[in-house]
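# Notes for the structure review
Here are the chains, one letter per residue:
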Amino acid sequence: QVQLVESGGGLVQPGGSVRLSCAASTSMLSFGAMGWYRQAPGKQREVVARITSGGKTISTDSAKGRFTISRDNAKNTMYLEMNSLKPEDTAVYYCTARLRVDVWGNERDYWGQGTQVTVSS
């Protein structure tokens with residue numbers, strides 16, 4: 001029903017910047033919170049940052065001051081601007097969106113396929 005497609009990943013040098021995009025196949029006006037998660041080799045998937053439908057953001061300590069999450073409902077796209085990248089930021093980055101599925105308030109999370117970000121010199 002809903003498809004999320006990440007893009008913008010690649011190989012970047014330490015200290016560099018990259019902007020990830022998450023394009024939704026449908027209007028995001030009905031979306032609830034959205035977010036970016038990442039999964040490094042041998043580690044569990046972890047949240048990086050989240051943004052509410054009203055544009056309020058919540059960042060993890062590791063992302064605070066370096067990463068900025070935003071959403072453009074008109075373009076059906078969510079972004080993650082990453083600056084001052086470190087090797088430990090290397091991971092597959094996933095976008096997710098929470099959608100209400102019925103009138104009773106039940107929700108379902110949708111996930112993209114992920115985009116690889118490799119930070120190395």
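Heads up: the structure comes first, above all this text.
In this numbering scheme, every chain counts its residues from 1 along its sequence in written order. It should be noted that, the model being predicted, local features are given only for residues of pLDDT at least 70 and side-chain atom pairs only at 80 or more, the latter also being counted only at that level, while totals for whole chains, interfaces and linings use all residues. To get the side-chain values, all heavy atoms of the structure are used, and hydrogens and water are removed first.

## Quick word on the side chain of serine 21
Inclusion rule: The numbering of helices and of strands both runs from the N terminus, where a helix is a DSSP run of H or I of at least 4 residues and a strand a run of E of at least 2. The contact criterion used is simple: two residues touch if any of their non-hydrogen atoms lie within 4.5 Å.
On the secondary structure map, serine 21 appears in strand S3 (residues 18-24). In contact with serine 21, other than residues within four places in its own chain, are Val5, Glu6, Ser7, Trp36, Thr77, Met78 and Tyr79.

## Re the nonpolar core
Where we set the bar: Buried Ala, Val, Leu, Ile, Met, Phe, Trp, Tyr and Cys residues that are joined via side-chain atoms within 4.5 Å together make up what is termed a nonpolar core. Residue burial is assigned from relative accessible area. The probe radius is 1.4 Å, only protein chains are included, and a residue is buried under 20% of its type maximum, exposed over 50%, and partly exposed in between.
By size, the foremost hydrophobic cluster in this structure holds 30 residues, and its most contacted members are Leu4, Phe31, Trp36, Leu80, Met82 and Tyr93. If you list the elements that add at least two residues to this core, you get S3, strand S4 (31-39), strand S5 (46-51), strand S7 (67-72), strand S8 (77-82), strand S9 (91-100) and strand S11 (115-119). The biggest single contributor to this core is S9, with five residues.

## Re the sheet that holds S3
Here is the rule we go by: At least two bridges found by DSSP between two strands is the condition for calling them paired. Between N-to-C directions, angles span 0 to 180 degrees; the directions come from axes that are lines fitted to C-alpha atoms, helices contributing only their stretch in contact.
Read from one edge of the open sheet, four strands run S1-S3-S8-S7, paired in antiparallel fashion. The open sheet has two edge strands with one neighbour each: strand S1 (4-7) and S7. For this sheet, the mean inter-axis angle between neighbouring strands, taken without regard to orientation, is 15°.

None of this, on its own, says anything about what the molecule does.
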